[in-house]
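What follows is the residue order along each chain.
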Amino acid sequence: MHVMSLFYIVIQQLVNGLILGSFYSLVALGYSMVYGIIKLLNFAHGDIYMVGAFVGFGALGIFGSILGVGWLGITVALLISMFLVGLLGMLVHRIAYQPLLNKRAPRMSLLITAVGVSFTLFNGVMVMTNGEYKAFSTSLGYEGISLGPVNITYTQIIMVVSTAILMLVLYWFINRTMYGKAMRAIALDQDACRLMGINVTKTISLTFFVGSALAAAAGVMAGVYYGSIHFYMGFIIGLKAFTAAVIGGIGSIPGAMLGGLILGLLETAGTQLPFVGSAWKDVFTFGILILLLVSKPTGILGKSEIERM
Amino acid sequence: MSRKFLSLVTVTFLALALSVTGCGTQPSAPSTPSAPSAPTASGGEIKIGLPLPMTGSEATYGKDMENAIKLAVDEINAKGGVNGKKLTTITGDDACDPQQATAAANKLVSEGVVAIVGGYCSGAVVPTLTIYNEKNLPYIVEAANSSKIATQNPGNTFEINGTAVHQTQKAVELFKKLGATKVALVEQGDAYSSDLANQTEKALKAAGSTVVSHDVTTKGEQDFSSLVTSLKSKNADLVFWTAYYADGALLIKQLRQGGYKGAIVVGDGSSDPKLIQMSGAAGEGIYVLSPPVAEYLPAAKQFADAYKAKYNQAPGAYAPLAYDGINLLADALKRAGGTDGKAVIKALTDTSGFAGLAGKVAFATDKTLKESNFIVLQIKGGKFVLQ
């Protein structure tokens, strides 16, 4: 059998970490945007990701027979899921968060409402799917590029490239459009925005749409990539993405992207730890994160309370 | 006229019937609890107690086992019974609950049974062992397989289902057959998968094989790519997954996606048709350890057909073992030449080469199976195929 040299192991693990990290980044973006604009830790965000996976699964089931279960069908399912789950995000905001914001409720009440939304979503999906795992069947194979013993499948390349495209579009949207400017303005000062005639509620709603659509995209991509989905799949990734958002500096969009990648790379490195083995992976990862936050409490790109997003 | 006559006849008949049953039950009732052998001598039948869950969450399994046992009893009686007497069964509902199991055990003892066959939930089996042992009643445990049964066995109890030890035996045997020299173990840190992985590691080391890694993954985490790279870098030639099918299917997919070409074996927690569905093309050729399920046992073909004909459904997971258990008891009763508890226990202890549906039965010193009855299945063409 071919012996993998250390060089190849490092390259392969970097690729692994990059892919895992790009999923974390996509979900972390939604956390960060919502926190940036209304200072809410939206704990239902992981479940939005899960719902995204299921909507994509349903859409692929309907359109797959016409368009096939290859990249065309997947792209259509992805776009449908992003749109519908974006609307779901807006609905959640309108029903569960905006009434509390209107009454200037304490932050803690908002947080608990978010936990309530999380339970509602995953229990709802559990009932609808009988708690079963669903196989996400696509026609994607394992073909790819081999550099010595390093394997990179085309699916993996497409995943990373799509994530990069989504992030670039988001960056353009936030920094170059009027809506993006409104979001950034609201993050700075809501009351001033109201006085300037910006529709604050609508803009917050739009933020929920964009964040939820990104999570849905991550959910569909994870379903396609890993091949099975489950009502509880949002829990762990929700926690990890939240962590990623905090490491990057919560509220900062480039921070969320960077935080996700760092977390993904640390986890893959932790699996290959000499002497202790993979059982210590999470201890290693979170140990480093504690050190990082102790030395820079606002996160890598977080600014202390001056400007967000 | 005729109507009056008819009603008169009916009333007389009913009165007679009542008086007959009334007389019949009264004298025999006090005698049953004191002397277990009395009713068999008088009635010409052998009463066997079946403690099984008939209500609650596990009721389907209990009903399935009862069906299989009754099927065997009918077959035995059709051939003239045992030692010239017919077998009869009394089911005691343990509801898979320790308290209700104790009550059910006392009820069976007072009904005058001479042997116990059944037992699905370990938690409901353990507290009843001494109740039966006090009356010298042999107990064949057919499905429950917690290690507690063997350690708390007062001497009357025989287990015919394989335990974690037996699964380990079968796993090591399979690894050897596949020529694996560098085994990688992957578990999830829960009691069940951890126990199986640890026992396998111990057994492999004792057999002189190399365990290149023993990894623990987090339940619910979907990405195994870094683990796959790690296993490849250690040149593992066999990966043994000891946890459940859902995450197992993800691991199988990612191992193949990452270019791992060695053998993959999964434990009985993953022996579920959903594993095939979820792992897709990557699942081809995977080995699965499984308890003896009727579907895959060539010897059980006739049994499965008879079961389907009688109950209009396929036999469940523990039906073959339930069927084997009662046949084993009948065999022991014949060898003991009667229903004396001590003699039957001795006959069961001496069992050698009893051929059941799930294989040959013989007992080790702790009265668990001497040889593993686990079977090896392989996924071929999208189906489990017996190896």
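Structural data are supplied above this passage.
Quick summary incoming for the structure in this document. What you see is a predicted model, and the numbers here were worked out from it, not measured in a lab. (Residues numbered from 1 in each chain as written. Chains lettered and ligands numbered in written order. Predicted model: local features only at pLDDT ≥ 70, side-chain atom pairs only at ≥ 80, totals over all residues. Heavy atoms only, no water.)

### A look at the sheet that holds strand S14 (residues 383-386) of chain B
Residue and element names in this part refer to chain B.
Point 1. Spatial strand order, S7-S6-S8-S9-S10-S13-S14: seven strands in an open sheet with mixed pairing. Of all strands in the sheet, those bounded by a partner on one side alone are strand S7 (210-216) and S14. Averaged over all pairs of adjacent strands, the angle between strand axes in this sheet comes to 25 degrees, irrespective of strand direction. (Pairing = 2+ DSSP bridges. Helix = DSSP H or I, 4+ residues; strand = E, 2+ residues; numbered from the N terminus. Axes fitted to C-alpha atoms, helices over the stretch in contact; angles between N-to-C directions.)

### Structural notes on the interface of chain B and chain A
Point 1. With 30 residues of chain B in contact, the opposing surface of chain A contributes 33 residues.
Point 2. Along the contact surface separating chain B from chain A lie three salt bridges.
Point 3. The partner of Glu221 of chain B in a salt bridge is Lys240 of chain A, with the nearest N and O atoms 2.4 Å apart.
Point 4. For the pair chain B and chain A, the interface holds eleven residue pairs in polar contact (both at pLDDT 80 or more). (Contact = heavy atoms within 4.5 Å. Salt bridge = Lys/Arg side-chain N within 4 Å of Asp/Glu carboxyl O. Polar contact = N/O pair within 3.5 Å; in protein donor to acceptor, adjacent residues only side chain to side chain.)

### Comments concerning the packing of aromatic side chains
Two numbers describe a pair of aromatic rings. These are the distance of the centres and the angle of the planes.
Residue and element names in this part refer to chain B.
Point 1. Evaluated as defined, the whole model comprises 26 aromatic pairs over all chains.
Point 2. Ring centres of Phe175 and Phe240 lie 5.3 Å apart, and the angle between their planes is 75 degrees; on these two criteria the pair is classed as edge-to-face. Of the two residues, Phe175 sits in helix H8 (residues 164-177) while Phe240 sits in strand S8 (residues 238-241), which places them 65 residues apart along the sequence.
Point 3. With a relative accessible area of 2%, Phe175 lands in the buried category. (Phe/Tyr/Trp six-rings, centres within 6.5 Å; stacked < 30°, edge-to-face > 60°. Buried < 20%, exposed > 50% of the residue type's maximum accessible area, 1.4 Å probe, protein only.)

### Observations regarding unusual backbone geometry
Residues and elements named next belong to chain B.
Point 1. Phi is positive for Cys96, which is not a glycine, with a value near 60 degrees.
Point 2. Secondary-structure assignment places Cys96 in the loop between strand S2 (86-93) and helix H4 (98-110).
Point 3. Even without glycine at this site, Asn136 takes up a positive phi of about 60 degrees.
Point 4. Structurally, Asn136 can be placed in the loop between helix H6 (129-134) and strand S4 (139-141).

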